Amino acid sequence: VEDDESILSLMDIHFKNELNVKFTFSSSYANGVSLISQNSYDLYILYINLDGYSGLDILKLLQKEKFIDNRIIVMSASDDSEMKVKSYDLGASNFISKPINFEVLRAIIKKNLRTLEGRDQRELRFNTISLIPEKQICLLKENNIEKEIHLTRTEFQFLYRMAKSPNVIISKEELSF
C-alpha cells in the first residue's frame, strides 16, 4: 500500500520477475484497507503517510491476523525513531526510509520470504485444531484434552492448505496436489 504510483511501478519493475512473486498493489488507504480486510497476503509493504491517513492504522488491522511475524515491511519518508518504535510495536518486521534503496528492500523481502518458507514446516494452530505437517498429524483439543484425528494424506494436505490461508478463496486447481 503506497500512494506514490511511481514507487509502485518501480517495485513492479524491480521485483516482479526477479523474486517470482505475485504483487497486489494499492495506491490509496481506502483501497488498501479494503484489500487487506478481504484477503490474506504472505507479505505486506506499507507506507506510513497515505493520502492523509496513517499506515499505522493498517498495522493495527493486521495485528488481528495470525502468524503476522516477519510479514510487514514499513516505509516512511521520515527516519524518525518514534515512528520506527511505533511501527515495531504494532508488528512491523522491518522499517525502510525513503528514498527507497531497492537493493536493501529486495534483501529485506527475500529474508522475510525465506522466513515464511521455513514456517510452512512448523505446527499450524487454529481454534482447537493443531496440524503438524512433518508427521501429518491432526490434533483436536476439547475440554483441555488433545486427541489425534486420523486423516488420509490427501485430507491432511487439503486441510493444511486451507488453514494456512484463512479467509482466502482457493481454486479447485490450487487444491489439486
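Residues numbered from 1 in each chain as written. Predicted model: local features only at pLDDT ≥ 70, side-chain atom pairs only at ≥ 80, totals over all residues. Heavy atoms only, no water.

Glancing now at helix α3 (residues 55-62). Among all positions of α3, only G55, L56, I58, L59 and L62 are buried. Taken around the axis of α3, the buried residues stretch over an arc of 155 degrees, which confines them to a single face. In the core, the buried residues of α3 are packed alongside α2 (29-38), β1 (44-47), β2 (49-50), β3 (53-54), β4 (72-76) and α4 (81-89). (Buried < 20%, exposed > 50% of the residue type's maximum accessible area, 1.4 Å probe, protein only. Helix = DSSP H or I, 4+ residues; strand = E, 2+ residues; numbered from the N terminus. Arc of directions from axis to C-beta. Contact = heavy atoms within 4.5 Å.)

The next thing to look at is the pairing of β1. In β1, alternate side chains face the same way, and those of Y44 and L46 on one face and I45 and Y47 on the other are all buried. Note that β1 and β4 share four bridges and pair parallel. For Y44, the partnering residue across the bridge sits in β4 and is I72. (Pairing = 2+ DSSP bridges.)

On to the packing of α2 against α3, then. Here α2 crosses α3 at 5 degrees, and the two axes come no closer than 11 Å. In terms of their interaxial angle, α2 and α3 are classed as roughly parallel. Taken together, the residues of α3 that come into contact with α2 (itself represented by Y29, V33 and I36) are D57, I58, L61 and L62. The residue makeup of the contact of α2 with α3, split by class, is six nonpolar, no polar and one charged. (Axes fitted to C-alpha atoms, helices over the stretch in contact; angles between N-to-C directions. Parallel < 35°, antiparallel > 145°, perpendicular 65-115°, else oblique. Nonpolar A, V, L, I, M, F, W, Y, C, P; charged D, E, K, R; others polar.)

The quantities given are spatial measurements derived from coordinates; they are silent on function.
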